[in-house]
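# Descriptive analysis of the structure
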Amino acid sequence: MSLARYANRRDASEPAIVEVLEAAGFHIEPMDKPVDLLVSRAGVWHLIECKSGKAGKLTQAQQDFIAAARAPVVVLRDAGEAVAWVKELGTHQKQSRR
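Residues numbered from 1 in each chain as written. Predicted model: local features only at pLDDT ≥ 70, side-chain atom pairs only at ≥ 80, totals over all residues. Heavy atoms only, no water.

### Digging into the overall build of the chain
The condition that has to hold: Helix and strand assignments follow DSSP, with helices taken as H or I runs no shorter than four residues and strands as E runs no shorter than two, numbered in order from the N terminus. The classification of residues rests on relative accessible area computed with a 1.4 Å probe and restricted to protein chains. Under 20% of the type maximum is buried, over 50% is exposed, and intermediate values are partly exposed. Two residues form a contact once any of their heavy atoms are found within 4.5 Å. Using a 1.4 Å probe, the Shrake-Rupley method yields the accessible areas, and only the shown protein chains count as cover for residues.
Assigned secondary structure in the chain consists of three helices and four strands. For the chain, the sequential pattern of α-helices and β-strands runs α-β-β-β-α-β-α. Among the 98 residues that make up the chain, the fraction classed as buried is 34%. Considering only contacts in the chain between residues 6 or more positions apart, those separated by 24 or more positions represent 48%. Just so you have it, the chain exposes about 6,900 Å², and 56% of that area is on carbon and sulfur atoms.

Put into structure tokens, the structure is as follows:
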């Protein structure tokens, strides 16, 4: 029996974001803390925090983690931002191979 009294809330935007990332070939590991998703593709890991719309705010714990992290944390608010991020990654990867 779990000691947690309440299920962790997931952002409403998360399923659509996950769908975009999976379609782009990412492996997805849902997490509860410190961010929502650990995703990988081509041997590179990314930390993703899903928020719903412009009103979705980072918690203080999330802000503290992002400030202390030695790796970038990407905040995605909808499927459109996920698509743009995937395209941006592709552009950076192509440029780094030149």
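### Let's talk about helix α1 (residues 14-23)
To keep things clear, this is the line we draw: The reported arc concerns the directions from the helix axis to the C-beta atoms and nothing else.
Within α1 the residues assigned to the buried category are Glu14, Ile17, Val18, Val20 and Leu21. Projected down its long axis, α1 carries its buried residues within an arc of 160°, all on one side. Residues of α1 that are exposed and angled more than 90 degrees away from the buried face: Pro15, Glu19 and Ala23. Just downstream of α1, Gly25 is the residue with a positive phi angle, here 95°.

### With respect to the sheet that holds strand β3 (residues 44-50)
Rules: The pairing criterion for strands is at least two bridges between them, as found by DSSP. Helix axes use the C-alpha atoms of the stretch in contact, all axes being lines fitted to C-alpha atoms, and the angles between their N-to-C directions lie in the range 0 to 180 degrees.
Read from one edge of the open sheet, four strands run β1-β2-β3-β4, paired in mixed fashion. The open sheet has two edge strands with one neighbour each: β1 (27-30) and β4 (73-76). Sheet twist, expressed as the average angle between the axes of neighbouring strands with direction ignored, equals 30°. Where β1 and strand β2 (residues 37-41) come together, four bridges link them in antiparallel fashion. Paired with Glu29 across the two strands is Leu38, which belongs to β2.

### Here we look at the nonpolar core
Filter applied, for reference: The nonpolar core is taken to be a set of buried Ala, Val, Leu, Ile, Met, Phe, Trp, Tyr and Cys residues, with the residues joined through side-chain atoms within 4.5 Å.
Counting residues in each nonpolar core, the largest one holds 16 residues, and the members touching the most others are Leu21, Phe26, Leu37, Val39, Ile48 and Trp85. In this view, Leu37 contacts Arg10, Glu14, Val18, Leu21, Ile28, Glu29, Pro30, Met31, His46, Leu47, Ile48 and Cys50; residues no more than four positions away in its chain are not counted.

### A short note on the environment of Leu89
Its location among the elements puts Leu89 in helix α3 (residues 79-97). Judged by relative accessible area, which is 13%, Leu89 ranks as buried. Apart from residues lying up to four places away in sequence, Leu89 is in contact with Phe26, Arg41 and His46.

### With respect to the pairing of β4
Keep this limit in mind: Whether a crossover is right-handed depends on one test, that the path from the first strand over the helix to the second runs clockwise when the strands point away from the viewer.
Inspection of the sheet shows β3 paired to β4 by four bridges, in the parallel sense. Residue pairing for β4: Cys50 is matched across the bridge by Leu76. The parallel pair β3 and β4 is bridged by helix α2 (residues 60-68), and the resulting crossover is right-handed.

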